[in-house]
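# Remarks on the overall topology
The primary structure of each chain is shown beneath.
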Amino acid sequence: MANEIKTIGVLTSGGDAPGMNAAIRAVVRTAIAKGIKVKGIKKGYQGLLNEEIIDMEARHVSDIIQRGGTVLGTARCHEFKTPEGQQKGAEICKKHGIDGIVVIGGDGSYRGAQALSRLGVNTIGLPGTIDLDIACTEYTIGFDTAVNTAMQAIDKVKDTSSSHERCSIIEVMGRNAGYIALWCGIANGAEDILLPEKYDYNEQNIINNIINNRKKGKTHHIIINAEGIGHSTSMARRIEAATGIETRATILGYMQRGGSPTAKDRYYASIMGSYAVEILLEGKTNRVVGYQHGEFVDFDIEDALNMEKGINEYQFEVAHVLAI
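Reading the values: rules and limits
- Residues numbered from 1 in each chain as written.
- Predicted model: local features only at pLDDT ≥ 70, side-chain atom pairs only at ≥ 80, totals over all residues.
- Heavy atoms only, no water.
- Helix = DSSP H or I, 4+ residues; strand = E, 2+ residues; numbered from the N terminus.
- Rg over C-alpha atoms; globule rule 2.2 N^0.38 Å.
- Buried < 20%, exposed > 50% of the residue type's maximum accessible area, 1.4 Å probe, protein only.
- Areas by Shrake-Rupley, 256 points an atom, 1.4 Å probe, with all protein chains shown as cover.
- Lys, Arg positive; Asp, Glu negative; His and termini not counted.
- Charge placed at Lys NZ, Arg CZ, Asp CG, Glu CD.
- Axes fitted to C-alpha atoms, helices over the stretch in contact; angles between N-to-C directions.
- Parallel < 35°, antiparallel > 145°, perpendicular 65-115°, else oblique.
- Left-handed = near helix turned anticlockwise from the far one by under 90°.
- Contact = heavy atoms within 4.5 Å.
- Nonpolar A, V, L, I, M, F, W, Y, C, P; charged D, E, K, R; others polar.
- Pairing = 2+ DSSP bridges.
- Core = buried A, V, L, I, M, F, W, Y, C linked by side-chain atoms within 4.5 Å.

What the chain contains, in helices and strands, is eleven helices and eleven strands. Against the globule reference of 20 Å for 324 residues, the chain gives a C-alpha radius of gyration of 22 Å, in line with a compact fold. If you line up the chain on its principal axes, its C-alpha atoms span 70 × 35 × 35 Å. Expressed as a percentage of its 324 residues, the buried residues of the chain come to 53%. For the chain, the accessible area works out to roughly 14200 Å², and carbon and sulfur atoms hold 48% of it. Averaged over its 35 positive side-chain charges, the chain has a centre that lies 4 Å from the centre of its 39 negative ones.

In structure tokens, the structure reads:
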């Protein structure tokens, strides 16, 4: 090992995601079990620059695995996107004796981790985002909880939509990725699924589908709309005007980020947190942990950021077939 790791820092950055606390807990307890000190960095990179750094012991992560959000807090930090901010961050790490950092967040967080690595701080990224939009991994911390939260909410909207014989447009999160929308579309039996990667913005096709389904006796029509498309309220007005069918928009919003994480998010986040510590102690840096083909793996951050991820064509086709 080129540089012996004696103290590890851990931070959460960007949007919060259920399961982040499980990852923090795993980092802290795995490191302590191996005789390594751990420092928690509050409020992401902003907290690093503000030196909001605390010593963490095993007891500090007791009873957090079941909690949503992140006990360390998170924030956006524009200053850390600058070379000056990154240099300041690396100097603060050295000042506090932090030899390596585990960064839990999305692709923007990885760019910060990459910068710290170049400045001599061994850094490992964990995929913490509900959007499932990181190309190097089939799983991201928080997605499973978020999609289950959305699914349960959509079931409830579907009940009232059927009672009133309405069309309902339900907007789910995901930034510019349609994975939550696709999964909910299939899991909730939606009639239409609008994904940023696939949508052609031809509302007439949706209108025709609604009218044809009503003629067949359907008492409701559920449209899952991805955040990357948005404008659900104005879309609802246009569809109601064109079909004469009462149409309502429901935007699920930030409820999808919260709540107690599922078993999958707790389990996978825990394994990833331990794995991050293991590879840090092996001397690795500038890596991101992923999950592929049933195995936990790691990639160079630059390679991971350059990978592209699209919607699975077969799964998208299945969604259409099942909506008939």
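Okay, back to it.
Turning our eyes to something else, we now look at the packing of helix α7 (residues 203-215) against helix α8 (residues 232-243). At a minimum axis distance of 10 Å, the contact between α7 and α8 shows a crossing angle of 55 degrees. Taken as axis vectors, α7 and α8 run oblique relative to one another. You can see that α7 and α8 cross each other, and the crossing is right-handed. Taking contact as the criterion, the partners of Glu 203, Ile 206, Ile 207, Ile 210 and Ile 211 in α7 are, on α8, Met 235, Arg 238, Ile 239, Ala 242 and Thr 243. Looking at the contact of α7 with α8 residue by residue, the class counts come to seven nonpolar, one polar and two charged.

For the rest of this paragraph, the subject is the environment of Val 103. Along the chain, the position of Val 103 falls in strand β4 (residues 100-105). The class of Val 103 is buried, set by a relative accessible area of 0%. Once the C-alpha coordinates of Val 103 and Thr 140 are considered, the two residues, 37 residues apart in sequence, prove to be 13 Å apart.

Of all six residues making up strand β6 (residues 167-172), six are buried, and the element is well covered by its neighbours. Where burial is concerned, the two faces of β6 agree: the one with Cys 167, Ile 169 and Glu 171 and the one with Ser 168, Ile 170 and Val 172 are both buried. Relative to strand β9 (residues 247-251), β6 is paired through five bridges, and the arrangement is parallel. Pairing of Ile 169 across the sheet is with Ala 249, part of β9.

Okay, the packing of helix α1 (residues 20-33) against helix α9 (residues 263-281) next. Pairs of packed helices are described in terms of their axes, by the angle between the two and the distance that separates them. At a closest axis distance of 7 Å, the pairing of α1 and α9 adopts a crossing angle of 40 degrees. Crossing of α1 against α9: the hand is right-handed. Judged by residue contacts, Ala 22, Ala 23, Ala 26, Val 27, Thr 30 and Ala 31 of α1 engage Arg 266, Ala 269, Ser 270, Gly 273, Ser 274 and Val 277 from α9. Of the residues that constitute the contact of α1 with α9, the class distribution is seven nonpolar, four polar and one charged.

Turning to the sheet that holds strand β8 (residues 221-226), a few remarks are in order. On the basis of which strands lie adjacent, the open sheet formed by four strands has the order β7-β8-β6-β9 and parallel pairing. Sheet topology places β7 (192-194) and β9 at the edges, where each strand pairs with a single neighbour. Averaged over all neighbouring strand pairs, the angle between strand axes comes to 15 degrees, with direction disregarded. Pairing of β6 with β8, which is carried by six bridges, proceeds in the parallel orientation. For Ile 170, the partnering residue across the bridge sits in β8 and is Ile 224. In the packing of α7 onto the sheet, the strands contacted are β6, β7 and β8, and the crossing angle to β8 comes to about 160 degrees. α8 rests against β6, β7, β8 and β9 of the sheet, and its axis sits at about 170 degrees to β9.

One open sheet holds the seven strands; their spatial order is β3-β2-β1-β4-β5-β10-β11, and the pairing between them is mixed. Edge strands, defined here as strands with exactly one partner in the open sheet, are β3 (53-56) and β11 (295-300). Here the average twist between neighbouring strands, direction ignored, is 30 degrees. Alignment of strand β1 (residues 7-12) against β4, held across five bridges, turns out to be parallel. When the sheet's bridge partners are listed, Val 10 is paired in β4 with Val 102. Those strands touched by α9 are β1, β4, β5 (122-127), β10 (287-292) and β11, and its axis lies near 165 degrees from that of β5.

The biggest cluster of nonpolar side chains holds 61 residues, and the ones touching the most others in it are Ile 8, Val 10, Val 102, Ile 104, Leu 126, Ile 180 and Ile 224. When residues no more than four places from it in sequence are discounted, the contact partners of Val 10 are Ile 24, Val 27, Val 38, Lys 39, Gly 40, Ile 41, Met 56, Leu 72, Val 102 and Ile 104. Counting residues in hydrophobic clusters, the runner-up holds 25 residues, among them Leu 11, Ala 90, Cys 93 and Ile 98.

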